[in-house]
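# Secondary and tertiary structure notes
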Amino acid sequence: NWANGYAKLNVTNVTIDGCYHGIYLNQANNATFENVTVVNSTYEGIYITNSQDVTFANSKLKNNSIGIFSSLSSIELTKVTITKNRNEGVLSKYS
């Protein structure tokens, strides 16, 4: 659930349950996630930093501390459900 420096990463039909960070991306450009469910993460369901052109589609984020944290990144969300997270649904800094 951790990608550092990967380009053109494609992830489909995955459920991640009960991790520290559900998905952690750093310098992961042109990454695509489809039909991904991230639940019960201690911190962020998805943590994205220094990454460009990251796309999430038809995905669910639930019961994480923060649904998505994004810093210095560009992300696109299409049909993404973000519910019942303990703090913010989406937190973006410098994006």
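Scroll up to find the structure.
Structural notes, computed from the coordinates.

The rules behind the values
Residues numbered from 1 in each chain as written. Predicted model: local features only at pLDDT ≥ 70, side-chain atom pairs only at ≥ 80, totals over all residues. Heavy atoms only, no water. Helix = DSSP H or I, 4+ residues; strand = E, 2+ residues; numbered from the N terminus. Buried < 20%, exposed > 50% of the residue type's maximum accessible area, 1.4 Å probe, protein only. Contact = heavy atoms within 4.5 Å. Polar contact = N/O pair within 3.5 Å; in protein donor to acceptor, adjacent residues only side chain to side chain. Pairing = 2+ DSSP bridges. Axes fitted to C-alpha atoms, helices over the stretch in contact; angles between N-to-C directions.

### Things to note about the environment of Ser51
Relative to the elements of secondary structure, Ser51 occurs in the loop between strand 5 (44–49) and strand 6 (54–62). Relative accessible area serves as the criterion here: at 0%, Ser51 is assigned to the buried category. Separated by 23 residues in the primary sequence, Ser51 and Ser74 have C-alpha atoms spaced 6.6 Å apart. Residues in contact with Ser51, not counting those within four places in the same chain, are Leu25, Asn26, Gln27, Ala28, Asn29, Leu72, Ser73 and Ser74. Of note is the side chain of Ser51, whose polar atom sits 3.0 Å from the backbone nitrogen of Ala28.

### Describing the side chain of His21
Structurally, His21 can be placed in the loop between strand 2 (10–17) and strand 3 (23–26). Exposure remark for His21: the relative accessible area of 17% places this residue in the buried category. In this structure the side chain of His21 is engaged in a polar contact, spanning 2.6 Å, whose partner is the side chain of Glu44.

### Let's talk about the sheet that holds strand 2
Taken in spatial order, the four strands of this open sheet run 2-4-6-8, and their pairing is parallel. One side of each edge strand has no neighbouring strand; the edge strands of this open sheet are strand 2 and strand 8 (75–83). Across the sheet, the mean angle from the axis of one strand to that of its neighbour is 10 degrees, orientation sign disregarded. Relative to strand 6, strand 4 (residues 32–39) runs parallel, the two being bridged by six bridges. When the sheet's bridge partners are listed, Val39 is paired in strand 6 with Lys62.

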